[in-house]
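A structural walkthrough
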Amino acid sequence: MANTDKQVNELIKREYEHGFVTEIEAETFEPGLNEDIIGRLSAIKKEPQFMLDWRLKAYRRWLEMDEPNWAHVGYPKIDYNAISYYSAPKRKEDMPQSLDDVDPELLKTYEKLGIPLHEREKLAGVAVDAVFDSVSVATTFKEPLAKAGVIFCSISEAIQDYPELVQKYLGSVVPAGDNFFAGLNSAVFSDGTFVYVPKGVRCPMELSTYFRINAANTGQFERTLIIADEGSYVSYLEGCTAPMRDENQLHAAVVELVALDDAQIKYSTVQNWYPGDENGKGGIFNFVTKRGACIGKNSKISWTQVETGSAVTWKYPSCVLRGENSVGEFYSVALTNNYQQADTGTKMVHLGKNTSSTIISKGISAGRSSNAYRGLVKFGPGAEGARNFTQCDSLLIGDQCAAHTFPYIESKNKGAIVEHEATTSKVSDEQMFLCRQRGIDPEQAVSMIVNGFCKEVFKELPMEFAVEAGKLLEVSLEGSVG
Amino acid sequence: MMKAAPTLSSAFLEAAGSKLPAPLQALREQRGKALADMPLPTRKTENWKYSSRYLKLTDELAASLPAGRNCGPGLAVDGYHIVIHNGVLVPEASDFPDVDGIEIRSFVDLDDETAQQLADRLDNTLDNNAVQMARLNTARFEDGLYIRLRQDAVLDRPLFVIFEADAEAAGSVYPRIYVDAGANSQMTLVEEYISTGDQTALVDAVTEFSLADGANVTNVRLSLEGENIHHIGATGARLLGHARLDSHCVGFGGPLRRHDLQVRLEAPGANCRLNGVAVTQDKQHFDNHTTVEHVAPHCDSEETYRNIAADESHAIFNGRIHIHKDAQKSNANMSNKNLLLSTGAEIDTKPELEIYADDVKCAHGATVGQLDETALFYLVSRGIDRREANTLLSMAFINELIEQIPVEAVRETVQARLNRFIEQAFEGA
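Sequence order sets the numbering: in each chain, residues are counted from 1 along the sequence as written. The naming scheme follows written order: chains are lettered A onward, ligands numbered 1 onward. Side-chain atom pairs in this predicted model are given and counted only at pLDDT of 80 or more, local residue features only at pLDDT of at least 70, and totals for whole chains, interfaces and linings cover all residues.

Strands are runs of DSSP state E lasting at least two residues, helices are runs of H or I lasting at least four, and both sets are numbered from the N terminus onward. A tally of helices and strands in chain A yields eleven helices and 23 strands. Exposed residues have 12 or fewer other C-beta atoms within 10 Å of their own C-beta, buried residues have 20 or more, and residues in between are partly exposed; the C-beta atoms are placed from the backbone. For chain A, the proportion of its 482 residues judged to be buried stands at 58%.

In structure tokens, the structure reads:
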């Protein structure tokens, strides 16, 4: 058994491969946060007055809010005035018209990251909006998308070009006063992605955003807004990386999804922010608010996430099921290693009749990490015939790690049914023995067992992502077994 | 703007009665001082999230209920019994066991040396940060029961302790029991909380168990008080090697019913079974919080709680299993099932796992729902009328746990009460 432990330990050790820094000229604000900074940010983005007002209102509200401390994580106090709230790669005055206009250094970065940004990689068939530090640098496949009527652009562009849509939906799912980090994001978000899928349109390809924090001492505050109009369908992927730095960096994003009647949104994330080194130094603080509103009848929002990065994660992709027969889904694999801490889960708020939700959460903790599932399933008085099924399983690798489950269930409707199950186990000696006996080396054995444990979630991911996720898991586990 | 958190009224800090031996008196004073300006739980206090709005510690409840002697109708008992009226022991209504190695004394009768030993141990089974209200008990108790079982002592029949709150006037009462069970000793303790009178009163009860190696204790806790009684109770237990605690908590709702059960398994082989039932109707409220701490390796815990909420009532369950860092080979199971009989009612449940060891088997499950339509159909299609079918299935839902209570008199009392509850719940259905 000691032997297995050692082998597993070795498996978990492998370094972060996206840890390079790209030397490109950047325009960065001096650290600090006040109304003046927000004004400058808004001015640079040439935002209409309503946006500036919205930001300032959010900022004033945020000043009165307290940082949440209920999550099962510990981290040094963040000095919000030591962060720079805007960092943009320097470039020509105008937005790049094609990829040729994009800084070649930047393209190299993305190549290193392996994102199919370049059009020549059309085969991948993924339309990418890449957000580098604070601004969106390039969006691919604009034309075919435009032909289908799909709007896929940076949120800054959307604020200019589609102010009525932005004004109607921005903050409708996650209001500025929702929580501390959402408030901060509302005040200072610098860019992000905007998607609008019109009535009856099935988006012809997967949409994707790649986030990267490059500059030091900056925070990344992106904002994503996806609106699926009646009867439409969209699948959206999100990936993230950051360079290796000794200081912690803050990432406080807000994602809002709106699904109208019969619309369907599938949102997949592979989160691979820099998790800090093996002694727990550095890494990203990932404090993210993601929420989808199923406003329309028969609408569906599905969250799939693979979380392997970040020093501290605080993230609860949620669904508000307002429309009759609407469906919410949450599939999650969260892996923590070394000194990583994750407090992640979901909220399913059932308000409409016959709404249903499924939660499958797989937590894997290794090293000295701590991994918590925190979930809320709530049935309002109007949620007649609503259903929820929740399963959250934890896998522990090594005796120094911790796994927790905090599920909240609140029901106010007698016709609603909720079932919750949770188990905790380890990679058993028997499983390892079986694999080893068949000539599989321990590293592969652990990875096989872990992959099997996560299969239910991986099968929900789009193909390219499923492969990446499997690989990522292998990498993240390296050297952890013990 | 934020309002300042409300604090405990100083009226609650004036303990009455001075019959206690000096060491206990000193402990009480010290705890009382520490409670000055104690912030009261609010909606933001995690473990009072759903109950803080029912907690009304008004000044009129601060005064101790006067000790009287007019006991209400006794309950069916089948064993030894001790009656505690408004926190004070009534010897003439009691039937003490006379068994070798078993000593049961009221706090006021203790000699200074024993009182000192007891004072050193009171509260040490409870996590006082989690059970704020138990601290108030230690600052206010006027008497209590100290039960000591020497090594190998066996109490042959169950001991019933009947706590009667006589609410002729508004006020509060602070019942207290400390059980010190020696190695391989055995006993069954039945706590019954009842009330007379119709004024608003607060019962703040604390029971503690310390189980030495191989001790085996069964604890039955019945909460049967009236609609005018606010009840806040805490039970703490620490178990050494191969000790066993078998706990059965049965409660009927009230304006505020709260019970915290905390069990620590401190040496290999310690194990516990925790069963709980809470039923609520009208606008009643019941909140059960349990914590099982697996401190040592090779311990087992098994927990099953069931709730039924009817009308506009509110039932809460919060179960926490905490596996400490070196508690390998722990086995912990928790199940919580809830029946919601009406849409005006609310059930909140949170089965938590907190695990710091890898070689463990832990599972929990929770469900909330209504009676199974297919089971109802089965019965109705066989000529049983719908109401009868509802009653049968609801009874069955709870009875699984009631039948495990090892004291027949208790089962009968509880079943009669439950029958009445379920009849009322389905009235007109």
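Additional details are given in the paragraphs that follow.
Let's shift gears to the overall build of chain B. Counting its secondary structure elements, chain B contains six helices and 20 strands. Taking 2.2 N^0.38 as the reference for a compact globule, 429 residues should give roughly 22 Å; the C-alpha atoms of chain B span a radius of gyration of 21 Å, in line with that estimate. Per-residue burial over chain B gives 53% buried out of 429 residues. Note on contacts: residues are paired as contacts if their backbone-placed C-beta atoms lie within 7 Å. Excluding contacts between residues fewer than 6 apart, the proportion of contacts in chain B whose partners are at least 24 apart in sequence is 83%. For a compact globule the rule gives 2.2 Å times the number of residues to the power 0.38, and the radius of gyration it is set against comes from C-alpha atoms.

Take unusual backbone geometry next. Backbone geometry places lysine 46 of chain A, a non-glycine residue, at a positive phi of 50°. If you trace the backbone, lysine 46 of chain A turns up in the loop between α2 (35–44) and α3 (49–63). On the neighbour-count criterion, lysine 46 of chain A (10 C-beta atoms within 10 Å) is exposed. The phi angle at asparagine 86 of chain B is positive, at roughly 45°, despite the residue not being glycine. Note on asparagine 86 of chain B: 27 C-beta atoms within 10 Å, which makes it buried.

Next up on the list: the environment of glutamate 230 of chain A. Residues and elements named next belong to chain A. The residue glutamate 230 is located in the loop between β8 (222–228) and β9 (233–241) in this model. Sequence separation of glutamate 230 and arginine 61 is 169 residues, and the distance between their C-alpha atoms is 34 Å. Those residues in contact with glutamate 230, other than ones at most four positions away along the chain, are Lys199, Gly200, Leu260, Asp261, Asp262, Ala263 and Gly296.

The next point concerns the interface of chain B and chain A. Contacts between chain B and chain A engage 30 residues on the former and 30 residues on the latter. Among the secondary structure elements, those contributing two or more residues to the side of chain B that touches chain A are β19 (346–355) and β20 (361–369) of chain B. If one sorts the elements of the side of chain B that touches chain A by residue count, β19 of chain B sits on top with ten residues. Broken down by class, the residue content of the side of chain B that touches chain A amounts to 13 nonpolar, eight polar and nine charged. By definition, two strands form a pair when at least two bridges between them are found by DSSP. Pairing analysis gives seven bridges linking strand β23 (residues 417–426) of chain A to β20 of chain B, with the strands arranged antiparallel. The partner of valine 418 of chain A across the bridge, within β20 of chain B, is valine 368 of chain B. In this classification, Asp, Glu, Lys and Arg are treated as charged, Ala, Val, Leu, Ile, Met, Phe, Trp, Tyr, Cys and Pro as nonpolar, and every other residue, Gly included, as polar.

Moving on to the nonpolar core. One finds Val195, Ala228, Leu257 and Ala259 of chain A together with Val161, Leu211 and Leu239 of chain B to be the most contacted residues of the largest nonpolar core, which totals 247 residues. The contact partners of alanine 259 of chain A, leaving out residues within four places of it in the chain, are Ala228, Gln264, Ile265, Gly292, Cys294, Ile295, Gly296, Ser299, Lys300 and Ile301 of chain A. By our criterion, buried Ala, Val, Leu, Ile, Met, Phe, Trp, Tyr and Cys residues that link up through C-beta atoms within 7 Å make up a nonpolar core.

Another aspect to go through is helix α10 (residues 442–458) of chain A. Residues and elements named next belong to chain A. Relative to the 24 Å expected for 17 residues at 1.5 Å per residue, α10 spans 22 Å between its end C-alpha atoms, a close match to the ideal helical length. By the largest-angle criterion, glycine 452 marks the main kink of α10, which is about 40°. Taken residue by residue, α10 has Pro442, Ala445, Val446, Ser447, Val450, Cys454, Val457 and Phe458 as its buried positions. Each residue after the first adds 1.5 Å to the expected span of a helix. Note on bend: at a given residue it equals the angle between the axes fitted to the 7 residues ending there and to the 7 starting there.

All right, on to helix α3 (residues 132–140) of chain B then. Residue and element names in this part refer to chain B. Judged by how many residues are buried, α3 sits mostly within the fold: nine of nine residues are covered. Gln132, Met133, Ala134, Arg135, Leu136, Asn137, Thr138, Ala139 and Arg140 are the residues of α3 that are buried. Elements that come into contact with the buried residues of α3 comprise α1 (22–34), β7 (176–181), β9 (201–211) and β11 (229–239).

All names here are of chain B. In this analysis, axes come from line fits to C-alpha atoms, helices being fitted only over the stretch in contact, and the angle between any two N-to-C directions falls in the range 0 to 180 degrees. Between helix α4 (residues 373–380) and helix α5 (residues 386–402), the least distance of the axes is 9 Å, while the angle of their chain directions is 130°. As far as their axial angle goes, α5 and α4 are oblique. Read as a crossing pair, α4 and α5 show a hand that is right-handed. Contacts from Ala375, Leu376, Leu379 and Val380 of α4 reach α5 at Arg386, Ala389, Leu392 and Leu393. For the contact of α4 with α5, the class distribution of residues is seven nonpolar, no polar and one charged. An angle below 35 degrees is treated as roughly parallel, one above 145 as roughly antiparallel, one from 65 to 115 as roughly perpendicular, and anything else as oblique. By the definition used in this description, the sense in which the near helix is turned from the far one sets the handedness, with an anticlockwise turn below a right angle giving left-handed and a clockwise turn giving right-handed.

Taken as a whole, chain B shows an average pLDDT of 91; of its residues, 97% reach a score of 70 or greater. Reported confidences for the modelled complex are a pTM of 0.86 and an ipTM of 0.87. The predictor reports its confidence for every residue as pLDDT, a score running from 0 up to 100.

Residues and elements named next belong to chain A. Between α3 and helix α8 (residues 180–188), whose axes approach to 7 Å, the crossing angle comes to 145°. Along this stretch, α3 crosses α8, giving a crossing that reads as left-handed. Note on element contacts: α8 touches α3 through Gly183, Leu184, Ser186 and Ala187, opposite Arg55, Ala58, Tyr59, Arg61 and Trp62.

What follows covers the confidence of the model for chain A. All names here are of chain A. Summarising the model, chain A shows a mean pLDDT of 81, and 78% of its residues fall at 70 or more. Confidence, read as mean pLDDT per element, is least for helix α1 (residues 2–12) in chain A (53) and greatest for strand β16 (residues 318–321) (95). Here residues 91–97 is modelled with pLDDT under 50, and outside its nearest four sequence neighbours on either side it reaches five contacts, counting other chains as well. Counting interchain partners and residues more than four positions distant, the pLDDT-below-50 stretch residues 117–125 has 13 contacts.

On to the pairing of strand β14 (residues 271–280) of chain B. Residue and element names in this part refer to chain B. The buried fraction of β14 is high, at eight of ten residues. The pairing of strand β12 (residues 244–252) with β14 spans nine bridges and is classified as parallel. Counterpart to cysteine 249 in the pairing with β14 is glycine 276. In the sheet, β14 pairs with strand β16 (residues 300–309) via ten bridges, with the strands oriented parallel. For leucine 274, the partnering residue across the bridge sits in β16 and is glutamate 303.

On to the environment of serine 476 of chain A. Residues and elements named next belong to chain A. Here serine 476 is to be found in helix α11 (residues 463–477). Measuring from C-alpha to C-alpha, the distance between serine 476 and serine 232 comes to 36 Å, with 244 residues separating the pair along the chain. Apart from residues no more than four positions distant in its own chain, serine 476 is found in contact with Thr308, Leu335 and Asn337.

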